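Summary of the model geometry
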Number of protein chains: 4
Amino acid sequence: MLRVGIYGAAGYAGRELLGILSKHPDTEVAFATSDTHAGKLYADVYPCAMDYRLVASSEAPLEGVDVIFLCTPHGVSAPLAAKALDAGAKCVDLSADLRLKDGAVYAAWYGTHPEPALLGKAVYGLTEIYREQIAEASLVANPGCYPTGVLLALWPLLGAGILADDRIIVDAKSGVSGAGAKPTETTHFVSVHDNLWAYKVGHAHRHVPEIEQELQSYRMLGQPAARALRVVFSPHLLPVSRGILSTIYINVDPSWSEEAIHDLWCQVYAGEPFVQVLDVGRLASLAHVVHTNRCALSIASAGAPGEYVLVAAIDNLVKGASGQAVQNMNIMFGLAETLGLLD
Amino acid sequence: MLRVGIYGAAGYAGRELLGILSKHPDTEVAFATSDTHAGKLYADVYPCAMDYRLVASSEAPLEGVDVIFLCTPHGVSAPLAAKALDAGAKCVDLSADLRLKDGAVYAAWYGTHPEPALLGKAVYGLTEIYREQIAEASLVANPGCYPTGVLLALWPLLGAGILADDRIIVDAKSGVSGAGAKPTETTHFVSVHDNLWAYKVGHAHRHVPEIEQELQSYRMLGQPAARALRVVFSPHLLPVSRGILSTIYINVDPSWSEEAIHDLWCQVYAGEPFVQVLDVGRLASLAHVVHTNRCALSIASAGAPGEYVLVAAIDNLVKGASGQAVQNMNIMFGLAETLGLLD
Amino acid sequence: MLRVGIYGAAGYAGRELLGILSKHPDTEVAFATSDTHAGKLYADVYPCAMDYRLVASSEAPLEGVDVIFLCTPHGVSAPLAAKALDAGAKCVDLSADLRLKDGAVYAAWYGTHPEPALLGKAVYGLTEIYREQIAEASLVANPGCYPTGVLLALWPLLGAGILADDRIIVDAKSGVSGAGAKPTETTHFVSVHDNLWAYKVGHAHRHVPEIEQELQSYRMLGQPAARALRVVFSPHLLPVSRGILSTIYINVDPSWSEEAIHDLWCQVYAGEPFVQVLDVGRLASLAHVVHTNRCALSIASAGAPGEYVLVAAIDNLVKGASGQAVQNMNIMFGLAETLGLLD
Amino acid sequence: MLRVGIYGAAGYAGRELLGILSKHPDTEVAFATSDTHAGKLYADVYPCAMDYRLVASSEAPLEGVDVIFLCTPHGVSAPLAAKALDAGAKCVDLSADLRLKDGAVYAAWYGTHPEPALLGKAVYGLTEIYREQIAEASLVANPGCYPTGVLLALWPLLGAGILADDRIIVDAKSGVSGAGAKPTETTHFVSVHDNLWAYKVGHAHRHVPEIEQELQSYRMLGQPAARALRVVFSPHLLPVSRGILSTIYINVDPSWSEEAIHDLWCQVYAGEPFVQVLDVGRLASLAHVVHTNRCALSIASAGAPGEYVLVAAIDNLVKGASGQAVQNMNIMFGLAETLGLLD
């Protein structure tokens, strides 16, 4: 029975994580923190039946805890990670603090790094790609919600060296839980409902450098001499609570048919419990994946040889956050990867 | 051309009011206040094409203004009403400050009255009932959103003296705009979407004394010796932006059929441009009324002689707030009652 | 490993049931029928990852099946139940065919009974009330979605003999999945979204006789000489996919406080894994129960001694249909009651 | 007072058109047809207060009608247009029958043309671009909903000859009313709600040839030697009732800044009542335009010189259908262009 600690348990990722862990047969929650709601029962914060008692983060009892999950914001997470590692716990950080390898890139997008000693020390927790390193890791940087689906769609193509672009357009659409639980004018029901808007389009969203870091890394495997890949990334806020659909526009060698790319995905992801490659002719939707830890991948022709539209879907709170975090925990502790995660 | 001033223009009622006035042929907006957004263009506060410049309420130029609308909260409105009347303007107050006639009742539900001299001075602005008094009034207390539909449904029955109950159950469901524009945990998209909850049920919502005051007043017309009427009122928050549906359970003299009550409504509301009595067999829905100034009324048998279910629908922002306010303004200034309001 | 057959697997209850069974450790799906989609994979009917192959109901291989679930409409279910029992399988019928004990009542609400020999032979499958009989049963009539929450709220009060009413008002609100998967004008997205309507109000909905049958039965336990109870039932269609909230208006002996009724519920439902009694001061919402097999119960004063508003919430597809069906199956086969059902 | 006839009045475009016309001061409805609902009052088909009596299309009294609107499907519209023109009425066709100039293109996308004699005879009714021809026209082909916003965004850039692409990516998102009023599995509330999917992506949607025809035509003005423009078009179905947001990815001469393109739009659309160019730094949303006849245009950098993301928003039922149809009617009859259309 793993003893698990959760920092930032009253946010949406924390709530989802508690829900997953409550069905996980091999974990028990040692503590769940919330500085805002310290002292309350969980069922007094959200309408649910979970009776965890929230504690202030400063009073979290780290001793004897096997693993901690950081659902805290960037800037707050890395110092907690250092503390947890010192206390002998393994750590999965769901914030952006430890995803970027390059301190200068971190500084450009997020400001001064809160714990420079940990820069580059975490394994990037996109499970399907880094499973072996995750199995050995004490510290995992759980991927961002947007990057997860985009990277799973593109990795096999980059690994095979068939992507012809130096620029990839990603038009992404996310449910509102991705914007966090804090009440703001932009998350007010009346603002979001019956609406759709784009925000931070182009090269402005903080997930851009994360996507580019990883794409470039995969590309180097397939095309060692490659120039830098650039992403044009347009996120949109959808009037749904959860789910991300990413529509990705690519050019590949015209000899690659839809079927060939489909087959490449199937081959790379054979046996993966959480990647669902849809048949050619079907396109991924949010309904394929919400409330599951799966990523659904699909492809269609863009109308000319070598031009394709990829559609990838995940649940931002599960595969895009807490589900993948538990998937990583399972691997870090030698458990069956699907424990607590099958829908 | 009436010169109109609006206090509290950046709330939902204010926004709806500006939208209505921008289509009204005989008004021009003299000022629109918002202390939060003073100095901004309206189109920088909400996604729209209205280019009004918001001013701080303390800098609102009252001179030369014919009428002011108070979209400010209770407690703030009444002193502004006094100020406007002093400046020679007529005034429609959309807050609760001037609806209750009895200072003790106000105190019990809202606390100390901010402008006791105005208590009992305003005409209650339920247009269909008080049209003649409104025509003579300088000060109108616009009804609450929940009371509007409930009172329009019940007034004819009370006037006719056929209601047998001393207690009336009203199960009401409102869209989120009724909760105001302020971001809170309960108005966060993720809280409201896919959800429904009851709140302040029984005898706890501040619209209860307003409904009871009016019902008792109408009842006295039909049944002079009547005992006090009590309302059991259960509001629910719906995952829609606008609209209120009220389901009302009544008992009447068993000699009154559905058709007879339907006919009574039709007779009382003959010629009313904003009351739509549905044929027996049809029930009112939000879709009948949203984005209109209408109230839709309908009736069905509750399964036993004399027992009926009434269903009344309005748009809380239009007939339940800013539309009715303009309807009242039209009457106060001798304009055609439907100006700016026909859908 | 129980071998399970499902008739009507392509409806919403069938889909939910397959989802639950796919997580149930002790079942395997022997067949899943759909006459409309026979021959297709499930993932070609709905966006999901379930790869069951649907078969025509006439070709369902009943031999060797331990239990069948009937997600077929009333009129179709009862003959299939007879066939399944003949083949030696136990049977849980999710339709209305076997819920009403009285053939005359069935005829009045549904027409000629399709399998009169089975009338009165099924145990009514409201698990918390009939658990012992269900354990012995070969044939269970799973309750309707609306009755489930209403009956769980009222049963303890009737059993204790404290309900003073001969008429109970239930104002219920249901998500659209309750209307079935068949596309109609009333289930079109544009009809439902941003809308709310009441339908079949009063004494017109087919769940009325089911509620009355059960209430009367419970009442006889507490108040042997009681007159017939009548329900005034107003269902509304909510713009959500799943969930039912029932607001119930009752009168009890004025000596019973909110706390006393709350305590009665807690006592009656002590140890029940799927009934959540909320603290006084909290009201049930859909968010408490969607995607779970729980029923949440809550109470508030209606403003006068002995008058109360009860609010009960369930997920119509889980506790109101397929979850409770699996709960009953677990009991019928001596399995742990919560298998496959814990959220 | 123009006498107006409407074919196909019970679809969503017809419903919106009737709503607009009911507020138009210079029109009266001569007839409104629906073969499905012939004989019914409009308020018995949709929840509303419009009391038009629907007639079968074969019984529509064309005599004395000044203008007819065809809200009928492609294939049905063109023969009705011929009939109306013969009867001396002007005609606005909201279907696709008369938009494409080239019969071979029509045949490739829609099949045999139902009225070849009218091919190329209609003016394409994108008002801002073809206003002068529309003023002279008897027959106007109202643009498709998706093309309207896309073409208004791109026309000024093509006219100025600054677009560097031969391929333009358009990622579009539409509300469900765009899919029509017919109940289908894909328009069922439960299918759409909480979901998002892409459909007919790439070069498969019937609005592609319409967009390409027009873009190529505008381009020839700015760049006479240009090669054919191709559109990659990915429509998505949003869980909202109305509105289209199109996110468009373009490359222009790097000397053109965001501000320069913004200014070009402002210059081209100066004085246009229904085009709203947002300030640089703001992006168009559905909320800017729903329930209005406006198109909102906005621009952002895609992160490299000359690369931009354009975001265009319209209400598919207003500017994308019935509003623009009335705008065209106003022009065809020499009325003020904004009559009945100002929000």
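The structure under discussion appears in the preceding block.
Structural notes, computed from the coordinates.

What counts and how
Residues numbered from 1 in each chain as written. Chains lettered and ligands numbered in written order. Predicted model: local features only at pLDDT ≥ 70, side-chain atom pairs only at ≥ 80, totals over all residues. Heavy atoms only, no water. Helix = DSSP H or I, 4+ residues; strand = E, 2+ residues; numbered from the N terminus. Buried < 20%, exposed > 50% of the residue type's maximum accessible area, 1.4 Å probe, protein only. Contact = heavy atoms within 4.5 Å. Areas by Shrake-Rupley, 256 points an atom, 1.4 Å probe, with all protein chains shown as cover. Lys, Arg positive; Asp, Glu negative; His and termini not counted. Charge placed at Lys NZ, Arg CZ, Asp CG, Glu CD. Pairing = 2+ DSSP bridges. Salt bridge = Lys/Arg side-chain N within 4 Å of Asp/Glu carboxyl O. Least-squares fit on C-alpha atoms with pLDDT ≥ 70 in both. Axes fitted to C-alpha atoms, helices over the stretch in contact; angles between N-to-C directions. Left-handed = near helix turned anticlockwise from the far one by under 90°. Nonpolar A, V, L, I, M, F, W, Y, C, P; charged D, E, K, R; others polar. Core = buried A, V, L, I, M, F, W, Y, C linked by side-chain atoms within 4.5 Å. Buried area = accessible area lost by both parts, 1.4 Å probe. Polar contact = N/O pair within 3.5 Å; in protein donor to acceptor, adjacent residues only side chain to side chain. Phe/Tyr/Trp six-rings, centres within 6.5 Å; stacked < 30°, edge-to-face > 60°. Lys NZ or Arg CZ within 6 Å of the ring centre and 35° of its normal. 1 Å grid on protein atoms, 1.4 Å probe; cavity = no way out; pocket = protein on both sides within 12 Å on 5 of 7 lines; lining within 4 Å. Points joined across faces, edges and corners; volume = space filled by probe spheres on them. Expected span 1.5 Å × (residues − 1). Disulfide = S-S within 2.5 Å.

Our next topic: the overall build of chain A. Within chain A, the regular secondary structure consists of 9 helices and 13 strands. Dimensions along the principal axes, computed over C-alpha positions, put chain A at roughly 60 × 45 × 40 Å. Within the span of chain A, comprising 343 residues, buried residues form 62% of the whole. The long-range share in chain A, meaning contacts at least 24 apart out of those at least 6 apart in sequence, stands at 69%. Carbon together with sulfur atoms contributes 52% to the accessible area of chain A, which is approximately 11,100 Å² in total. Counting 23 positive and 35 negative side-chain charges, chain A places the centres of these two groups 4 Å from one another.

A separate point is the sheet that holds strand β4 (residues 90–93) of chain A. Residues and elements named next belong to chain A. Pairing in this open sheet of 6 strands is parallel, and the strands run β2-β1-β3-β4-β6-β5 from one edge to the other. Every other strand in the sheet has two partners, leaving β2 (27–32) and β5 (123–124) as the edge strands with one partner each. One ladder, built from 5 bridges, connects strand β1 (residues 2–7) with β2; its direction is parallel. Bridged to Val4 within β2 is Val29.

In total, this model carries 56 salt bridges over all chains according to the counting rule given. For Arg131 of chain B, the salt bridge is made with Glu337 of chain B, and the minimal N-O distance between the two is 2.8 Å. Taken together, the residues span a long stretch of sequence, with Arg131 of chain B in helix α4 (residues 127–136) and Glu337 of chain B in the segment after α9 (318–332) at a distance of 206 residues. The class for Arg131 of chain B is partly exposed, based on a relative accessible area of 25%. One network of salt bridges, in which partners are shared, links Asp171 and Lys173 of chain A together with Asp171 and Lys173 of chain D.

Now for the relation of the copies chain A and chain D. Overlay of chain A on chain D (RMSD 0.0 Å): rotation 180°, translation along the axis 0.0 Å. Viewed as a symmetry operation, the transformation between the two copies matches a two-fold axis. Comparing contact sets, 100% of the residues at the interface of chain A also lie at the interface in chain D, consistent with an isologous, same-surface contact.

Residue and element names in this part refer to chain C. Two numbers describe how helix α4 (residues 127–136) lies on helix α9 (residues 318–332): the axes approach to 9 Å, and their chain directions differ by 35°. Every pair of crossing elements has a handedness; the one defined by α4 and α9 is right-handed. Contacts between α4 and α9 involve Thr127, Glu128, Arg131, Ile134 and Ala135 from the first element and Lys319, Gln324, Gln327, Asn328, Ile331 and Met332 from the second. Partitioned by chemical class, the residues of the contact of α4 with α9 number 4 nonpolar, 4 polar and 3 charged.

All names here are of chain D. Spatial strand order, β2-β1-β3-β4-β6-β5: 6 strands in an open sheet with parallel pairing. Only two strands of the sheet have a single partner each, and these edge strands are β2 (27–32) and β5 (123–124). When strand β4 (residues 90–93) meets strand β6 (residues 139–141), the two strands line up parallel, connected through 3 bridges. Along β6, the bridge assignment pairs Asp93 with Ala141.

With that settled, the discussion passes to the nonpolar core. In this structure, Phe69 of chain C together with Phe69 of chain D are the most contacted members of the largest nonpolar core, which totals 171 residues. Discounting chain neighbours no more than four positions away, the residues touching Phe69 of chain D are Val4, Gly5, Ile6, Tyr7, Leu17, Leu21, Val92, Leu94, Ala325, Val326 and Met329 of chain D. If you look at the next biggest cluster of nonpolar residues, it comprises 170 residues, including Val123 and Ala312 of chain A together with Ala9 and Tyr146 of chain B.

With that out of the way, let us pick up the interface of chain C and chain A. Residue-level contacts link 17 residues of chain C with 17 residues of chain A. Taking both sides of the interface into account, the surface hidden between chain C and chain A amounts to around 1,300 Å²; carbon and sulfur atoms contribute 47%. When the shortest N-O distance is used, the salt bridge between Asp44 of chain A and Arg282 of chain C registers 3.0 Å. Taken together, the connections running from chain C to chain A amount to 6 residue pairs in polar contact (both at pLDDT 80 or more). By residue class, the composition of the side of chain C that touches chain A is 5 nonpolar, 6 polar and 6 charged.

Going through the model one piece at a time under the given rule, you end up with 34 aromatic pairs over all chains. Judged by centre distance (5.5 Å) and plane angle (15°), the ring pair of Phe189 of chain C and Phe189 of chain D falls under stacked. Taken together, the residues span two chains, with Phe189 of chain C in helix α6 (residues 189–192) and Phe189 of chain D in helix α6 (residues 189–192). Each member of the pair, Phe189 of chain C as well as Phe189 of chain D, is classed as buried. Through pairs of rings, three or more aromatic residues link up here, namely Tyr12, Tyr42 and Tyr46 of chain A. Positioned over the ring face of Phe333 of chain C is Lys90 of chain C, at 4.8 Å from the centre of the ring. Directly above the aromatic system of Tyr46 of chain D lies the positively charged group of Arg15 of chain D, at a separation of 4.1 Å from the ring centroid.

Moving on: the interface of chain A and chain D. Facing the 38 residues of chain A at the interface are 38 residues of chain D. For the chain A and chain D pair, buried surface summed over both sides reaches about 2,800 Å², with 60% attributable to carbon and sulfur atoms. For the chain A face of the interface with chain D, the top three residues by lost area are Leu196, Val201 and Tyr249 of chain A, together amounting to 18%. Across the pair Arg230 of chain A and Glu307 of chain D runs a salt bridge, and its minimum N-O distance is 2.5 Å.

Take the pairing of strand β7 (residues 167–174) of chain D next. Residue and element names in this part refer to chain D. The buried fraction of β7 amounts to 7 of the 8 residues, a majority that puts the element mostly inside the structure. Bridge analysis of β7 against strand β10 (residues 244–251) gives 6 bridges, and the strand direction is antiparallel. Opposite Lys173, over in β10, you have Leu245 as the bridge partner.

It takes a turn of 180° to lay chain C on chain A, together with a shift of 0.0 Å along the axis; the resulting RMSD is 0.0 Å. An overlap of 100% is found between the interface residues of chain C and their copies at the interface of chain A, pointing to a shared contact surface.

With that settled, the discussion passes to the environment of Ala82 of chain B. In this structure, Ala82 of chain B sits in helix α2 (residues 77–86). A C-alpha to C-alpha distance of 9.5 Å links Ala82 of chain B and Leu139 of chain B, two positions 57 residues apart in sequence.

Our focus in this paragraph is the environment of Ala284 of chain D. Of note, Ala284 of chain D is situated in the loop between β11 (275–277) and β12 (295–301). For the pair Ala284 of chain D and Tyr249 of chain D, spaced 35 residues apart in the sequence, the C-alpha separation amounts to 15 Å. Leave out the neighbours within four places in its chain, and Ala284 of chain D touches Trp197 of chain A together with Leu245, Leu278, Ala296, Ser298, Val311 and Ala313 of chain D.

A separate point is empty space enclosed by the protein. Summed over the entire model, instances satisfying the criterion amount to 2 cavities of 30 Å³ or more. What the largest cavity holds in volume is close to 40 Å³. Around the largest cavity sit His193 of chain A, His193, Asp194 and Pro239 of chain B, His193, Pro239 and Val240 of chain C together with Phe189 and His193 of chain D, which together line it. Its residues placed into classes, the lining of the largest cavity shows 4 nonpolar, 4 polar and 1 charged. What lines the second largest cavity is simply His193 and Pro239 of chain A, His193 of chain B, His193 of chain C together with His193, Asp194 and Pro239 of chain D. Within the lining of the second largest cavity, the residues separate by chemical class into 2 nonpolar, 4 polar and 1 charged.

Okay, the side chain of Ser34 of chain C next. All names here are of chain C. Of note, Ser34 is situated in the loop between β2 (27–32) and β3 (67–70). With a relative accessible area of 6%, Ser34 lands in the buried category. Excluding its chain neighbours within four sequence positions, the residues that come into contact with Ser34 are Ala10, Leu54, Val55 and Ala56.

Here we take up helix α5 (residues 145–159) of chain D. Here α5 of chain D spans 22 Å end to end across 15 residues, near enough to the 21 Å set by a 1.5 Å rise per residue. Within α5 of chain D, 14 of the 15 residues are buried, which leaves the element mostly enclosed by the surrounding structure.

What follows deals with α2 of chain B. Residues and elements named next belong to chain B. Residues Ser77, Ala78, Leu80, Ala81, Ala82 and Ala84 constitute the buried set of α2. Along its buried surface, α2 packs onto β1 (2–7), β3 (67–70), β4 (90–93) and β6 (139–141). A positive phi of about 90° marks Gly88, the residue just after α2.

Once that is clear, we can look at the state of the cysteines. Residue and element names in this part refer to chain A. Scanning all chains against the criterion turns up 0 disulfides over all chains. No disulfide involves Cys71; its sulfur sits 10 Å from the nearest other cysteine sulfur, which is in Cys91. Residue classification places Cys71 among the buried positions, given a relative accessible area of 17%.

Looking now at the side chain of His205 of chain C. Residues and elements named next belong to chain C. Note that His205 resides in the loop between β8 (197–198) and α7 (207–222). Classification of His205 by relative accessible area gives buried; the value is 9%. Side-chain polar atoms of His205 contact the backbone nitrogen of His207, separated by 3.0 Å. In this structure, His205 is in contact with Trp109, Tyr146, Tyr199, Lys200, Phe233 and Pro235, ignoring residues within four places of it in sequence.

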